[in-house]
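# Summary of structural features
Residue-level listing of the chains:
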Amino acid sequence: MKASPLQTWYRKLAARLGRRSTTAPQGPPRIGVILSAGGSRGIYAHTGFLLALEQMGIPVSAIAGCSAGAVVGGIAASGTDMKVWADAIRHVKQEEFWTPDPVRQVIWSMVRNRGIGFTGLSDTAAGTDFFRRNLTAQTFEDCRYPLYIMAINLDRSEKVVFSHGELAPRMMASAAMPILYKPVNIDGSYYSDGALIELAPVDNICCKHGLDALIVHQIGQHFGRKGDMSEVLRQPWSLLEIINRLLFHQRPWYLSNEELGFKFCRCGCGAAVVVLEPQLPDLHWPHTEGGSQVLEVARQKTEALLRPHLEALLSDPRQRLPVPPAGLQAEQSHDAGRCATDQ
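A brief report on the enclosed structure follows. Computed from a predicted structure; not experimentally measured.

Under the criterion given, the structure shown has 14 salt bridges. Asp187 is paired through a salt bridge with Arg170; the nearest N and O atoms lie 3.6 Å apart. You can see Asp187 sitting in the loop between strand E7 (184-186) and strand E8 (189-193) and its partner Arg170 sitting in helix H7 (residues 167-175), a full 17 residues away along the chain. Judged by relative accessible area, Asp187 falls into the exposed class, the value being 72%. Between Glu303 and Arg299 there is a salt bridge; the shortest N-O distance is 3.6 Å. Taken together, the positions of Glu303 and Arg299, both in helix H10 (residues 291-306) and four residues apart, correspond to about one turn of that helix. For Arg299, a relative accessible area of 17% puts it in the buried group. A single network of salt bridges, built from pairs that share partners, joins Glu296, Arg299, Glu303 and Arg307.

Below you can see the structure in the form of structure tokens.
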């Protein structure tokens with residue numbers, strides 16, 4: 001359910017005046033969730049995060065995700081029991097999401113055909129089918145709450161945010177990392193991993209749905225000593241690690257270099273932004289061994305970080321969460337109120 005135009009206008013006005021809403025929420029607070037990119041590690045981590053929210057009784061009113069976050073967000077919004085999903089990814093087989101072309105075919109394409117038509121090592125059909133089998137609802141329109149999935153439109157070289165249509169191919173498009181996966185064709189246009197543009201679609205849902213708080217689950221990549229490539233070159237899939245460094249070198253505006261941080265949404269609506277960037281075990285793609293440990297650590301970290309603020313979250317997050325008082329005006333920007341184009 002969207003906020004009325006009057007409610008949205010008032011919340012933006014309150015934010016721009018540098019103060020929080022002066023009235024308590026009418027009914028339970030509306031809380032949105034943002035799930036970042038993060039590779040296979042992100043799939044397990046976001047699953048543990050959502051299980052923790054469920055265990056603490058934190059309701060979700062809307063969700064947005066990119067790449068790994070789009071996959072887990074889509075599963076959750078479709079109504080699939082997260083415990084059932086957790087069991088599915090604990091037992092997933094590599095061939096259910098990774099089906100690279102035969103080596104001979106790759107060499108032929110790259111050498112004999114000079115790379116003509118070569119767009120990625122693996123087709124996306126297996127991954128799309130795996131998502132489809134684990135979804136309860138198959139379309140955005142049938143989800144239990146609003147869902148937004150970010151990808152890049154390769155035809156127009158721009159960010160897009162899906163909010164309607166069939167879920168599985170759009171989840172796969174958001175997670176189709178270049179070189180590893182072929183782009184996904186949807187209605188005649190080609191799409192690839194949204195993390196190429198933005199790690200998490202933070203600016204897309206708070207104003208649109210009158211949210212009181214956003215909880216961002218950011219799965220960061222930690223590379224050891226800055227500039228040290230020696231460890232990367234000793235790992236399998238060194239090229240993938242280099243791509244990860246290129247993607248994750250940026251630090252989005254909402255991060256604070258702490259495992260738990262608080263800000264106000266910079267779009268001007270005044271919603272509190274709660275940011276979790278937990279330290280988690282490593283998990284190198286495409287391996288799934290160790291995924292269960294990542295999931296459990298993420299679940300435990302989420303509960304440990306949010307439990308002290310649970311009462312504030314469930315009562316009046318705008319007023320009661322420890323957002324720095326001076327942070328509101330600092331987070332305002334000339335982009336206030338602008339959201340990505342829905343597709």
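That was the structure; now back to the text.
Moving on, we get to unusual backbone geometry. Unusually for a residue other than glycine, Ser157 sits at a positive phi of about 55°. Its location among the elements puts Ser157 in the loop between strand E4 (147-153) and strand E5 (158-162). Phi at Asp187 takes a positive value of approximately 55°, unusual for a residue other than glycine.

For the rest of this paragraph, the subject is the environment of Glu96. Mapped onto the elements, Glu96 comes out in the loop between helix H4 (82-90) and helix H5 (103-112). Considered as a pair, Glu96 and Asp129 are 33 residues apart in the sequence and their alpha carbons are 8.1 Å apart. Not counting residues up to four positions away in its chain, the partners in contact with Glu96 are His91, Ala126, Gly127, Phe130 and Arg133. A polar atom in the side chain of Glu96 sits 2.8 Å from the side chain of Arg133.

With that settled, the discussion passes to the environment of Arg132. Assignment of secondary structure puts Arg132 in helix H6 (residues 125-134). For Arg132, a relative accessible area of 30% puts it in the partly exposed group. Each C-alpha atom, one on Arg132 and one on Ala168, is 5.4 Å from the other, the two residues being 36 residues apart in sequence. Ignoring any residue separated from it by four or fewer positions in sequence, one finds Arg132 in contact with Gln138, Glu166, Ala168 and Pro169.

All right, on to the nonpolar core then. In this structure, Leu50, Leu53, Ile58, Trp85, Ile215 and Leu306 are the most contacted members of the largest nonpolar core, which totals 77 residues. At nine residues, helix H2 (residues 39-56) tops the list of elements feeding residues into this core. Filtering out sequence-adjacent residues up to four positions away, Leu50 remains in contact with Val33, Leu35, Ile63, Val72, Ala76 and Met82. Counting residues in each nonpolar core, the second largest holds 26 residues, with Ala64, Met150, Ile205 and Cys206 among its members.

What follows is about a nonpolar patch on the surface. A contiguous nonpolar surface patch, about 410 Å² in accessible area, is contributed by Val103, Ile107, Met110 and Val111. Within the secondary structure, Val111 is located in helix H5. Judged by relative accessible area, Val111 falls into the exposed class, the value being 60%.

Here we come to the side chain of Lys182. Along the chain, Lys182 turns up in the loop between strand E6 (179-181) and E7. According to the relative accessible area criterion, Lys182 is buried, its value standing at 19%. There is a polar contact of 3.1 Å between the side chain of Lys182 and the backbone oxygen of Gly120. Once residues within four sequence positions are removed from consideration, Lys182 is found in contact with Asp101, Thr119, Gly120, Leu121, Ser122, Asp123, Thr124 and Ala176.

Following the sequence through the fold, Val274 ends up in strand E11 (residues 272-276). Setting aside anything within four residues of it in sequence, one finds Val274 in contact with Leu214, Ile215, Val216, Leu260, Gly261, Phe262, Leu306 and Leu321.

Turning next to the pairing of strand E1 (residues 31-35). Among the five residues that make up E1, five are buried, leaving the element largely enclosed by the rest of the structure. What you see with E1 is no split at all: Ile31, Val33 and Leu35 on one side and Gly32 and Ile34 on the other are buried throughout. As judged from the five bridges shared by E1 and strand E9 (residues 213-217), these two strands associate in the parallel manner. Bridge pairing links Ile31 to Ala213 in E9. Sheet topology places E1 next to strand E2 (residues 62-66); four bridges connect them, and they run parallel. Paired with Leu35 across the strands is Gly65, a residue of E2. After leaving E1, the chain enters H2 and then returns to the sheet as E2, a path that is right-handed.

Here we take up the packing of aromatic side chains. Considering all chains together, one arrives at five aromatic pairs under this definition. Aromatic pair Trp98 and Tyr181: ring centres 5.7 Å apart, planes at 80°, arrangement edge-to-face. Of this pair, Trp98 sits in the loop between H4 and H5 while Tyr181 sits in strand E6, placing them 83 residues apart in sequence. Exposure remark for Tyr181: the relative accessible area of 7% places this residue in the buried category. Summarising the aromatic geometry, the rings of Phe162 and Tyr191 are spaced 5.0 Å apart at their centres and angled 65° between planes, so their arrangement reads as edge-to-face. Of this pair, Phe162 sits in strand E5 while Tyr191 sits in strand E8; the two residues are 29 residues apart in sequence, bridging distant segments of the chain. The two residues Phe162 and Tyr191 agree in class, both being buried. An aromatic cluster is built from Trp85, Phe130 and Phe131, whose rings are joined through pairwise contacts.

Thresholds, definitions, all that
Residues numbered from 1 in each chain as written. Predicted model: local features only at pLDDT ≥ 70, side-chain atom pairs only at ≥ 80, totals over all residues. Heavy atoms only, no water. Salt bridge = Lys/Arg side-chain N within 4 Å of Asp/Glu carboxyl O. Helix = DSSP H or I, 4+ residues; strand = E, 2+ residues; numbered from the N terminus. Buried < 20%, exposed > 50% of the residue type's maximum accessible area, 1.4 Å probe, protein only. Contact = heavy atoms within 4.5 Å. Polar contact = N/O pair within 3.5 Å; in protein donor to acceptor, adjacent residues only side chain to side chain. Core = buried A, V, L, I, M, F, W, Y, C linked by side-chain atoms within 4.5 Å. Patch = residues over 30% accessible without salt bridge, like charges linked within 9 Å, V, L, I, M, F, W, Y side chains within 5 Å. Areas by Shrake-Rupley, 256 points an atom, 1.4 Å probe, with all protein chains shown as cover. Pairing = 2+ DSSP bridges. Right-handed = clockwise from strand over helix to strand, strands pointing away. Phe/Tyr/Trp six-rings, centres within 6.5 Å; stacked < 30°, edge-to-face > 60°.

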